[in-house]
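A structural walkthrough
Listed here are the chains, written in short residue letters.
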Amino acid sequence: MLVKAHSSRGLGKATYLALILSLSSIVSLNVVLPSFIVNLGGNLIILGTVYSLQSFVRPLARIMSSIMSKAISRKYTIILSIIARLIAFLLLYYANNVIMVAISMLLLALAQGLENPTFLSSTADIITNSEIIAMAFGIILSIRMAPSIIAPILTGYIAEILNTRYVFLSGLILSLTSLLFSLRIKLDTSVELEHNVKSNYLKGVRNLISREFHLLCTSTILLFMVVSAFQPLFSYWIVEELNYGYIFLGYLLSLGGLVSFFSRIISGWLADRLGEINVLIGVGLLRTSSMIILAFTHSPLWIGTSYILTRLLMAAPPRNALIAKMMNKNLYDVAYSTIGVIMDIGRTLGPFLLSYITKTFNFQISYITMALLLQAYIISLYFLKREMKYSV
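Structure report, in brief. (Residues numbered from 1 in each chain as written. Predicted model: local features only at pLDDT ≥ 70, side-chain atom pairs only at ≥ 80, totals over all residues. Heavy atoms only, no water.)

A word on the overall build of the protein chain. Counting secondary structure elements, the protein chain contains 16 helices and 0 strands. Taking all 392 residues of the protein chain together, the buried fraction comes to 57%. Of the contacts made within the protein chain by residues no fewer than 6 positions apart, 85% connect residues no fewer than 24 positions apart. When the accessible surface of the protein chain is totalled, it reaches about 16600 Å², and 68% of it is carbon and sulfur. (Helix = DSSP H or I, 4+ residues; strand = E, 2+ residues; numbered from the N terminus. Buried < 20%, exposed > 50% of the residue type's maximum accessible area, 1.4 Å probe, protein only. Contact = heavy atoms within 4.5 Å. Areas by Shrake-Rupley, 256 points an atom, 1.4 Å probe, with all protein chains shown as cover.)

Laid out in C-alpha coordinates, this is it:
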(Lines give C-alpha, C1' and ligand atoms only; values in the text may rest on other atoms or scores of the structure.)
Protein backbone atom coordinates (compact mmCIF):
# COMPACT_ATOMS: atom_id res chain seq x y z
CA MET A 1 0.00 0.00 0.00
CA LEU A 2 2.85 2.38 0.85
CA VAL A 3 4.53 1.64 -2.48
CA LYS A 4 1.27 2.21 -4.31
CA ALA A 5 0.69 5.49 -2.47
CA HIS A 6 4.24 6.61 -3.24
CA SER A 7 3.75 5.75 -6.92
CA SER A 8 0.48 7.69 -7.01
CA ARG A 9 2.13 10.77 -5.51
CA GLY A 10 5.01 10.44 -7.94
CA LEU A 11 2.65 10.07 -10.90
CA GLY A 12 0.88 13.20 -9.68
CA LYS A 13 4.20 15.05 -9.71
CA ALA A 14 4.94 13.85 -13.24
CA THR A 15 1.47 14.94 -14.36
CA TYR A 16 1.86 18.38 -12.76
CA LEU A 17 5.30 18.76 -14.36
CA ALA A 18 3.88 17.74 -17.75
CA LEU A 19 1.15 20.39 -17.43
CA ILE A 20 3.69 23.09 -16.52
CA LEU A 21 5.97 22.24 -19.44
CA SER A 22 3.02 22.11 -21.83
CA LEU A 23 2.13 25.79 -21.38
CA SER A 24 4.67 27.17 -23.85
CA SER A 25 3.51 24.57 -26.39
CA ILE A 26 0.21 26.44 -26.75
CA VAL A 27 1.95 28.28 -29.59
CA SER A 28 3.44 26.24 -32.45
CA LEU A 29 6.66 27.72 -33.80
CA ASN A 30 6.80 25.18 -36.64
CA VAL A 31 3.80 26.91 -38.22
CA VAL A 32 5.54 30.28 -38.59
CA LEU A 33 9.32 29.87 -38.29
CA PRO A 34 10.04 28.48 -41.79
CA SER A 35 8.35 31.39 -43.55
CA PHE A 36 9.63 33.86 -40.93
CA ILE A 37 13.22 32.83 -41.68
CA VAL A 38 12.66 33.11 -45.43
CA ASN A 39 11.06 36.55 -45.04
CA LEU A 40 14.15 37.72 -43.14
CA GLY A 41 16.30 36.84 -46.15
CA GLY A 42 16.83 33.12 -45.72
CA ASN A 43 16.19 30.28 -48.17
CA LEU A 44 15.66 26.51 -47.99
CA ILE A 45 19.35 25.81 -47.37
CA ILE A 46 19.51 28.37 -44.56
CA LEU A 47 16.22 27.02 -43.20
CA GLY A 48 17.61 23.49 -43.03
CA THR A 49 20.93 24.70 -41.60
CA VAL A 50 19.24 26.70 -38.83
CA TYR A 51 17.16 23.68 -37.83
CA SER A 52 20.27 21.48 -37.94
CA LEU A 53 22.23 23.92 -35.75
CA GLN A 54 19.82 23.19 -32.91
CA SER A 55 21.22 19.69 -32.75
CA PHE A 56 24.71 20.92 -31.87
CA VAL A 57 23.40 22.45 -28.64
CA ARG A 58 20.72 19.91 -27.70
CA PRO A 59 23.06 16.90 -27.13
CA LEU A 60 25.37 18.97 -24.95
CA ALA A 61 22.35 20.10 -22.96
CA ARG A 62 21.20 16.49 -22.55
CA ILE A 63 24.59 15.52 -21.14
CA MET A 64 24.49 18.54 -18.85
CA SER A 65 21.01 17.51 -17.74
CA SER A 66 22.12 14.09 -16.52
CA ILE A 67 24.84 15.76 -14.45
CA MET A 68 22.77 18.72 -13.23
CA SER A 69 19.85 16.56 -12.11
CA LYS A 70 22.16 15.07 -9.49
CA ALA A 71 24.24 18.17 -8.77
CA ILE A 72 21.56 20.87 -8.39
CA SER A 73 18.37 18.72 -8.44
CA ARG A 74 15.90 17.90 -11.16
CA LYS A 75 13.71 20.84 -10.14
CA TYR A 76 16.35 23.47 -10.88
CA THR A 77 17.36 21.74 -14.09
CA ILE A 78 13.75 22.11 -15.24
CA ILE A 79 13.66 25.77 -14.11
CA LEU A 80 16.79 26.56 -16.13
CA SER A 81 15.21 24.98 -19.20
CA ILE A 82 12.15 27.21 -18.83
CA ILE A 83 14.33 30.33 -18.44
CA ALA A 84 16.19 29.45 -21.66
CA ARG A 85 12.86 29.09 -23.48
CA LEU A 86 11.65 32.44 -22.12
CA ILE A 87 14.77 34.24 -23.39
CA ALA A 88 14.39 32.54 -26.79
CA PHE A 89 10.85 33.91 -27.24
CA LEU A 90 12.06 37.36 -26.19
CA LEU A 91 14.78 37.31 -28.85
CA LEU A 92 12.36 36.04 -31.50
CA TYR A 93 10.00 38.93 -30.73
CA TYR A 94 12.77 41.44 -31.47
CA ALA A 95 14.49 39.47 -34.26
CA ASN A 96 15.26 41.41 -37.43
CA ASN A 97 17.75 39.02 -39.03
CA VAL A 98 18.40 35.31 -39.42
CA ILE A 99 21.24 35.35 -36.87
CA MET A 100 18.89 36.43 -34.07
CA VAL A 101 16.47 33.69 -35.07
CA ALA A 102 19.32 31.15 -35.07
CA ILE A 103 20.38 32.20 -31.54
CA SER A 104 16.78 31.90 -30.37
CA MET A 105 16.48 28.41 -31.83
CA LEU A 106 19.72 27.38 -30.14
CA LEU A 107 18.26 28.54 -26.83
CA LEU A 108 15.14 26.51 -27.54
CA ALA A 109 17.37 23.50 -28.23
CA LEU A 110 19.13 24.14 -24.90
CA ALA A 111 15.75 24.21 -23.16
CA GLN A 112 14.65 20.96 -24.81
CA GLY A 113 17.92 19.24 -24.01
CA LEU A 114 17.77 20.16 -20.33
CA GLU A 115 14.09 19.31 -19.99
CA ASN A 116 13.65 16.03 -21.83
CA PRO A 117 15.98 13.58 -20.02
CA THR A 118 14.97 14.94 -16.61
CA PHE A 119 11.29 14.59 -17.42
CA LEU A 120 11.66 11.07 -18.86
CA SER A 121 13.90 9.84 -16.04
CA SER A 122 11.43 11.08 -13.42
CA THR A 123 8.57 9.36 -15.24
CA ALA A 124 10.54 6.12 -15.70
CA ASP A 125 11.40 5.99 -11.98
CA ILE A 126 7.71 6.19 -11.13
CA ILE A 127 6.31 3.60 -13.53
CA THR A 128 8.95 0.91 -14.08
CA ASN A 129 7.26 -1.50 -11.65
CA SER A 130 3.94 -1.08 -13.43
CA GLU A 131 2.51 -3.68 -15.81
CA ILE A 132 1.58 -0.93 -18.26
CA ILE A 133 4.91 0.90 -18.62
CA ALA A 134 4.42 1.95 -22.25
CA MET A 135 0.82 3.06 -21.71
CA ALA A 136 1.84 5.12 -18.66
CA PHE A 137 4.47 6.83 -20.79
CA GLY A 138 1.79 7.41 -23.41
CA ILE A 139 -0.54 9.07 -20.90
CA ILE A 140 2.13 11.39 -19.47
CA LEU A 141 3.49 12.31 -22.92
CA SER A 142 -0.05 12.99 -24.16
CA ILE A 143 -0.56 15.43 -21.27
CA ARG A 144 2.77 17.07 -22.12
CA MET A 145 1.80 17.45 -25.78
CA ALA A 146 -1.91 18.22 -25.28
CA PRO A 147 -1.60 21.89 -26.40
CA SER A 148 -0.50 20.73 -29.86
CA ILE A 149 -4.17 20.01 -30.53
CA ILE A 150 -5.06 23.71 -30.61
CA ALA A 151 -1.63 25.31 -30.97
CA PRO A 152 -1.36 25.23 -34.79
CA ILE A 153 -4.85 26.73 -35.28
CA LEU A 154 -4.27 29.37 -32.61
CA THR A 155 -0.83 30.17 -34.02
CA GLY A 156 -2.17 30.39 -37.57
CA TYR A 157 -4.89 32.86 -36.55
CA ILE A 158 -2.47 34.99 -34.51
CA ALA A 159 0.01 35.09 -37.41
CA GLU A 160 -2.58 36.02 -40.06
CA ILE A 161 -4.90 38.32 -38.07
CA LEU A 162 -2.17 40.11 -36.09
CA ASN A 163 1.36 39.13 -37.18
CA THR A 164 4.07 36.59 -36.48
CA ARG A 165 5.67 38.61 -33.68
CA TYR A 166 2.52 38.30 -31.58
CA VAL A 167 3.07 34.52 -31.73
CA PHE A 168 6.45 35.05 -30.09
CA LEU A 169 4.98 37.47 -27.54
CA SER A 170 2.38 34.85 -26.60
CA GLY A 171 5.15 32.28 -26.13
CA LEU A 172 7.02 34.72 -23.91
CA ILE A 173 4.01 35.24 -21.64
CA LEU A 174 3.28 31.51 -21.45
CA SER A 175 6.91 30.71 -20.62
CA LEU A 176 6.86 33.26 -17.81
CA THR A 177 3.70 31.65 -16.43
CA SER A 178 5.34 28.22 -16.66
CA LEU A 179 8.36 29.54 -14.76
CA LEU A 180 6.21 30.83 -11.91
CA PHE A 181 4.38 27.50 -11.54
CA SER A 182 7.64 25.52 -11.72
CA LEU A 183 8.91 27.17 -8.54
CA ARG A 184 6.32 25.18 -6.56
CA ILE A 185 7.08 21.74 -7.91
CA LYS A 186 8.94 19.15 -5.82
CA LEU A 187 11.05 16.52 -7.55
CA ASP A 188 13.63 14.07 -6.25
CA THR A 189 17.15 15.38 -6.65
CA SER A 190 18.27 12.17 -8.30
CA VAL A 191 17.72 8.44 -8.47
CA GLU A 192 18.75 6.84 -5.17
CA LEU A 193 21.61 4.44 -5.76
CA GLU A 194 21.43 0.91 -4.46
CA HIS A 195 24.15 -0.54 -2.19
CA ASN A 196 25.88 -2.36 -5.03
CA VAL A 197 26.43 0.85 -6.97
CA LYS A 198 29.56 -0.31 -8.78
CA SER A 199 27.97 -3.56 -9.92
CA ASN A 200 24.84 -1.79 -11.15
CA TYR A 201 26.90 0.89 -12.90
CA LEU A 202 29.03 -1.67 -14.73
CA LYS A 203 25.92 -3.62 -15.73
CA GLY A 204 24.39 -0.41 -17.03
CA VAL A 205 27.51 0.40 -19.04
CA ARG A 206 27.41 -3.07 -20.61
CA ASN A 207 23.81 -2.39 -21.62
CA LEU A 208 24.82 0.93 -23.15
CA ILE A 209 27.49 -0.70 -25.34
CA SER A 210 25.46 -3.79 -26.25
CA ARG A 211 24.50 -4.70 -29.81
CA GLU A 212 20.84 -4.27 -28.88
CA PHE A 213 21.36 -0.69 -27.77
CA HIS A 214 23.43 0.04 -30.89
CA LEU A 215 20.57 -1.18 -33.08
CA LEU A 216 18.10 0.92 -31.10
CA CYS A 217 20.37 3.92 -31.66
CA THR A 218 20.57 3.19 -35.39
CA SER A 219 16.79 3.01 -35.76
CA THR A 220 16.42 6.19 -33.72
CA ILE A 221 18.82 8.15 -35.91
CA LEU A 222 17.01 7.06 -39.08
CA LEU A 223 13.57 7.92 -37.68
CA PHE A 224 14.64 11.34 -36.43
CA MET A 225 16.33 12.20 -39.71
CA VAL A 226 12.86 11.93 -41.23
CA VAL A 227 10.87 13.43 -38.34
CA SER A 228 13.10 16.51 -37.98
CA ALA A 229 13.21 17.24 -41.71
CA PHE A 230 9.56 16.51 -42.44
CA GLN A 231 7.85 19.18 -40.31
CA PRO A 232 9.64 22.32 -41.58
CA LEU A 233 9.65 21.13 -45.21
CA PHE A 234 6.00 20.10 -45.04
CA SER A 235 5.01 23.48 -43.51
CA TYR A 236 6.97 25.39 -46.16
CA TRP A 237 5.48 23.21 -48.93
CA ILE A 238 1.91 23.86 -47.75
CA VAL A 239 2.27 27.64 -47.27
CA GLU A 240 4.80 28.72 -49.89
CA GLU A 241 4.63 26.12 -52.68
CA LEU A 242 0.94 25.14 -52.64
CA ASN A 243 -0.29 28.50 -51.28
CA TYR A 244 -2.84 26.90 -48.93
CA GLY A 245 -2.04 29.41 -46.18
CA TYR A 246 -1.36 29.37 -42.46
CA ILE A 247 -4.94 28.64 -41.43
CA PHE A 248 -5.17 25.49 -43.55
CA LEU A 249 -1.81 24.37 -42.17
CA GLY A 250 -2.93 25.25 -38.64
CA TYR A 251 -6.13 23.18 -38.89
CA LEU A 252 -4.22 20.24 -40.36
CA LEU A 253 -1.53 20.30 -37.66
CA SER A 254 -4.18 20.69 -34.96
CA LEU A 255 -6.08 17.68 -36.26
CA GLY A 256 -2.80 15.78 -36.22
CA GLY A 257 -2.24 16.94 -32.64
CA LEU A 258 -5.67 15.67 -31.62
CA VAL A 259 -4.98 12.28 -33.20
CA SER A 260 -1.54 12.19 -31.56
CA PHE A 261 -3.03 12.87 -28.14
CA PHE A 262 -4.96 9.59 -28.27
CA SER A 263 -2.47 7.63 -30.38
CA ARG A 264 0.29 8.05 -27.78
CA ILE A 265 -1.91 6.28 -25.27
CA ILE A 266 -3.03 3.68 -27.83
CA SER A 267 0.58 3.13 -28.96
CA GLY A 268 1.58 2.49 -25.36
CA TRP A 269 -1.37 0.17 -24.83
CA LEU A 270 -0.48 -1.79 -27.97
CA ALA A 271 3.20 -1.94 -26.98
CA ASP A 272 2.32 -3.48 -23.60
CA ARG A 273 0.40 -6.21 -25.43
CA LEU A 274 2.15 -6.70 -28.78
CA GLY A 275 5.67 -5.68 -27.82
CA GLU A 276 7.49 -2.37 -28.09
CA ILE A 277 9.45 -3.26 -31.22
CA ASN A 278 6.38 -4.44 -33.12
CA VAL A 279 4.68 -1.10 -32.52
CA LEU A 280 7.86 0.79 -33.54
CA ILE A 281 7.84 -1.17 -36.81
CA GLY A 282 4.21 -0.17 -37.29
CA VAL A 283 5.25 3.47 -36.92
CA GLY A 284 7.70 3.01 -39.80
CA LEU A 285 5.15 1.31 -42.06
CA LEU A 286 2.52 4.03 -41.61
CA ARG A 287 4.98 6.87 -42.17
CA THR A 288 6.42 5.19 -45.25
CA SER A 289 2.90 5.05 -46.70
CA SER A 290 2.43 8.74 -45.89
CA MET A 291 5.64 9.81 -47.65
CA ILE A 292 4.71 7.86 -50.78
CA ILE A 293 1.27 9.54 -50.92
CA LEU A 294 2.77 13.03 -50.44
CA ALA A 295 5.25 12.41 -53.24
CA PHE A 296 2.43 12.00 -55.78
CA THR A 297 -0.37 14.38 -54.73
CA HIS A 298 -1.27 18.06 -54.36
CA SER A 299 -4.84 17.32 -53.29
CA PRO A 300 -5.77 18.84 -49.89
CA LEU A 301 -7.77 15.69 -49.06
CA TRP A 302 -4.88 13.33 -49.75
CA ILE A 303 -2.40 15.65 -48.07
CA GLY A 304 -4.57 15.64 -44.96
CA THR A 305 -4.99 11.87 -45.08
CA SER A 306 -1.27 11.25 -45.46
CA TYR A 307 -0.43 13.63 -42.62
CA ILE A 308 -2.86 11.85 -40.28
CA LEU A 309 -1.14 8.55 -41.17
CA THR A 310 2.02 9.92 -39.55
CA ARG A 311 0.05 10.50 -36.34
CA LEU A 312 -1.76 7.15 -35.99
CA LEU A 313 1.09 5.46 -34.12
CA MET A 314 3.71 7.25 -32.04
CA ALA A 315 7.22 6.00 -31.34
CA ALA A 316 7.92 7.73 -28.01
CA PRO A 317 5.88 5.54 -25.60
CA PRO A 318 7.20 2.16 -26.84
CA ARG A 319 10.75 3.49 -27.24
CA ASN A 320 10.87 4.98 -23.72
CA ALA A 321 9.35 1.82 -22.24
CA LEU A 322 11.90 -0.31 -24.11
CA ILE A 323 14.76 1.79 -22.70
CA ALA A 324 13.32 1.45 -19.18
CA LYS A 325 13.32 -2.35 -19.61
CA MET A 326 16.79 -2.52 -21.17
CA MET A 327 18.59 -0.30 -18.64
CA ASN A 328 19.37 -0.40 -14.93
CA LYS A 329 17.41 2.18 -12.89
CA ASN A 330 20.59 3.79 -11.60
CA LEU A 331 21.51 4.84 -15.11
CA TYR A 332 18.17 6.12 -16.36
CA ASP A 333 19.48 9.68 -16.54
CA VAL A 334 22.48 8.54 -18.58
CA ALA A 335 20.43 6.22 -20.80
CA TYR A 336 17.76 8.78 -21.68
CA SER A 337 20.42 11.44 -22.20
CA THR A 338 22.33 9.08 -24.51
CA ILE A 339 19.31 8.18 -26.63
CA GLY A 340 18.48 11.90 -26.71
CA VAL A 341 21.93 12.64 -28.12
CA ILE A 342 21.33 9.95 -30.74
CA MET A 343 18.05 11.65 -31.67
CA ASP A 344 19.95 14.91 -32.09
CA ILE A 345 22.39 13.31 -34.49
CA GLY A 346 19.36 12.42 -36.61
CA ARG A 347 18.02 15.96 -36.17
CA THR A 348 21.36 17.34 -37.36
CA LEU A 349 21.61 15.17 -40.47
CA GLY A 350 17.94 15.16 -41.48
CA PRO A 351 17.03 18.81 -42.11
CA PHE A 352 20.32 19.60 -43.86
CA LEU A 353 20.20 16.51 -46.10
CA LEU A 354 16.53 16.74 -47.01
CA SER A 355 16.52 20.52 -47.54
CA TYR A 356 19.54 20.09 -49.85
CA ILE A 357 17.72 17.36 -51.79
CA THR A 358 14.61 19.54 -52.02
CA LYS A 359 16.62 22.55 -53.20
CA THR A 360 18.59 20.49 -55.73
CA PHE A 361 15.70 18.40 -57.02
CA ASN A 362 12.15 18.89 -55.74
CA PHE A 363 9.74 18.01 -52.92
CA GLN A 364 8.75 14.75 -54.61
CA ILE A 365 12.31 13.38 -54.49
CA SER A 366 12.58 14.56 -50.89
CA TYR A 367 9.47 12.61 -49.84
CA ILE A 368 10.70 9.50 -51.66
CA THR A 369 14.05 9.80 -49.87
CA MET A 370 12.22 9.96 -46.52
CA ALA A 371 10.32 6.80 -47.44
CA LEU A 372 13.61 5.01 -48.16
CA LEU A 373 15.09 6.15 -44.83
CA LEU A 374 12.01 4.78 -43.07
CA GLN A 375 12.54 1.41 -44.74
CA ALA A 376 16.08 1.35 -43.38
CA TYR A 377 14.59 2.19 -39.95
CA ILE A 378 12.27 -0.83 -40.18
CA ILE A 379 15.14 -3.13 -41.17
CA SER A 380 17.21 -2.02 -38.17
CA LEU A 381 14.25 -2.76 -35.87
CA TYR A 382 13.90 -6.22 -37.39
CA PHE A 383 17.51 -6.98 -36.44
CA LEU A 384 16.94 -5.49 -32.98
CA LYS A 385 13.97 -7.79 -32.49
CA ARG A 386 16.16 -10.77 -33.29
CA GLU A 387 18.77 -9.66 -30.77
CA MET A 388 16.47 -9.03 -27.85
CA LYS A 389 16.69 -11.74 -25.21
CA TYR A 390 13.27 -11.16 -23.72
CA SER A 391 9.91 -11.56 -25.44
CA VAL A 392 8.76 -8.57 -27.51
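Picking up after the structure, the text goes on.
Let us look at the packing of aromatic side chains. Going through the model one piece at a time under the given rule, you end up with 15 aromatic pairs. Arranged with centres 5.2 Å apart and planes meeting at 85°, the rings of F261 and F262 form a pair that is edge-to-face. With relative accessibility at 46%, the residue F262 sits in the partly exposed group. Put simply, the rings of F230, F234, Y236, W237, Y307, F363 and Y367 touch in pairs and so form one group of aromatic residues. (Phe/Tyr/Trp six-rings, centres within 6.5 Å; stacked < 30°, edge-to-face > 60°.)

Our focus in this paragraph is the nonpolar core. In summary, soluble globular proteins display a tendency toward joint burial of nonpolar side chains. Ranked by size, the top nonpolar core spans 110 residues in total, and within it L33, F234, W237 and Y367 carry the most contacts. For this core, the leading source of residues is helix α10 (residues 211-241), giving 18 residues. Residue contacts for Y367: discarding those within four places in its chain leaves F230, F234, W237, M291, L294 and A295. (Core = buried A, V, L, I, M, F, W, Y, C linked by side-chain atoms within 4.5 Å.)

Honestly, it's all geometry; don't read function into it.
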